[in-house]
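Listed below, chain by chain, are the residues.
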Amino acid sequence: MQGLVKSICKYWNQGGWPFSYIDLIADCGSKIFKLSDDVEIKTDVLFLITDLAIYYNRWYAMGIVRELFKDVRADVALQTNLAMRLSAEKLQLGVIFADEGALPPLIADIYKV
C-alpha cells in the first residue's frame, strides 16, 4: 500500500494541474489519510496536499488541511514524523494557520508561524 500511495503522491506532485483540480486532489488525499493507519502514508499525503493548497492558493484545500491537522494533534507519532518532514522542507504554514496555537505542539515548536 505504501508504494502505491507514494506513486500517487509523486503523480499528484508533478504540477501543471488545472486550478480547481487541487480541491479534488485534497479530497482524495483526505480519504487516503483517514483510511490509513500508516504514519508515513499519512505524513506523505498531508505534506503533499498542504504544499499544493499553499502553492495554488486554494481555500477549499486549505480547509481540508486544517481539518486533517486536528487528527495530527492527537497522534504523537504522526506529529513527530510530520515535524521532521517540515523541518527538512519548510512550507509556508502561515498561509493556512493564522497563529501557531492552531498547530500541533511538536510542529509549532519547529515552526514559528
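Residue indices follow the written sequence of each chain, beginning from 1 at its first position. Predicted model: local features are reported for residues with pLDDT of at least 70 only, side-chain atom pairs are reported and counted for 80 or more only, and whole-chain, interface and lining totals are derived from all residues. Think of the side-chain values as coming from all heavy atoms in the structure, minus any hydrogens and water.

Caption draft 1: Broad picture of helix H3 (residues 39–56). By definition, any uninterrupted DSSP run of H or I lasting at least four residues is a helix, any uninterrupted run of E lasting at least two residues is a strand, and each is numbered from the N terminus. In this analysis, the expected span of each helix is defined as 1.5 Å times one less than the number of residues it contains. With 18 residues, H3 should cover 26 Å at 1.5 Å per step; its first-to-last C-alpha distance of 26 Å lies within 8% of that length. Of all 18 residues making up H3, 14 are buried, and the element is well covered by its neighbours. At the N-terminal end of H3, a side-chain oxygen is found 2.8 Å from the backbone nitrogen of Glu 40, two or three residues along, and the residue is Asp 38. Immediately beyond the C-terminal end of H3, within one or two residues, lies Asn 57, with a positive phi of roughly 55°. Here's how the labels work: a residue is buried when its accessible area is under 20% of the maximum for its type, exposed when over 50%, partly exposed in between, all with a 1.4 Å probe on protein chains only. In the analysis that follows, any N or O atom pair within 3.5 Å is treated as a polar contact, provided that within protein one partner can donate a hydrogen and the other can accept it, and provided that, for residues neighboring in sequence, both atoms belong to side chains.

Caption draft 2: How the structure looks around the nonpolar core. Nine residue types can take part in a nonpolar core, namely buried Ala, Val, Leu, Ile, Met, Phe, Trp, Tyr and Cys, and a core is a set of them joined through side-chain atoms within 4.5 Å. The biggest cluster of nonpolar side chains holds 37 residues, and the ones touching the most others in it are Leu 46, Val 65, Phe 69, Leu 82, Leu 93 and Ile 107. Element by element, the count of residues in this core is highest for H3, at ten residues.

Caption draft 3: Structural view of the packing of aromatic side chains. Stacked, edge-to-face and tilted labels apply to pairs of Phe, Tyr and Trp rings (six-membered ring for Trp) whose centres lie within 6.5 Å, assigned for plane angles under 30 degrees, over 60, and everything in between, in that order. Going through the model one piece at a time under the given rule, you end up with four aromatic pairs. Relative to Phe 97, the ring of Phe 69 lies with its centre 4.9 Å away and its plane at 65°, an arrangement referred to as edge-to-face. Residue Phe 69 is located in helix H4 (residues 59–73), and its partner Phe 97 is located in the loop between helix H5 (76–88) and helix H6 (105–110); the two are separated by 28 residues in the primary sequence. Looking at Phe 69, the relative accessible area reads 3%, which means it is buried. A network of ring pairs unites the aromatic residues Tyr 11, Trp 17 and Tyr 21 as a single cluster. Between Lys 42 and the ring centre of Phe 33, over which it is positioned, the NZ or CZ distance is 4.3 Å. We call a charge positioned over a ring when the NZ of a Lys or the CZ of an Arg lies within 6 Å of the ring centre and within 35 degrees of the ring normal.

Read these as spatial facts, not as claims about activity.
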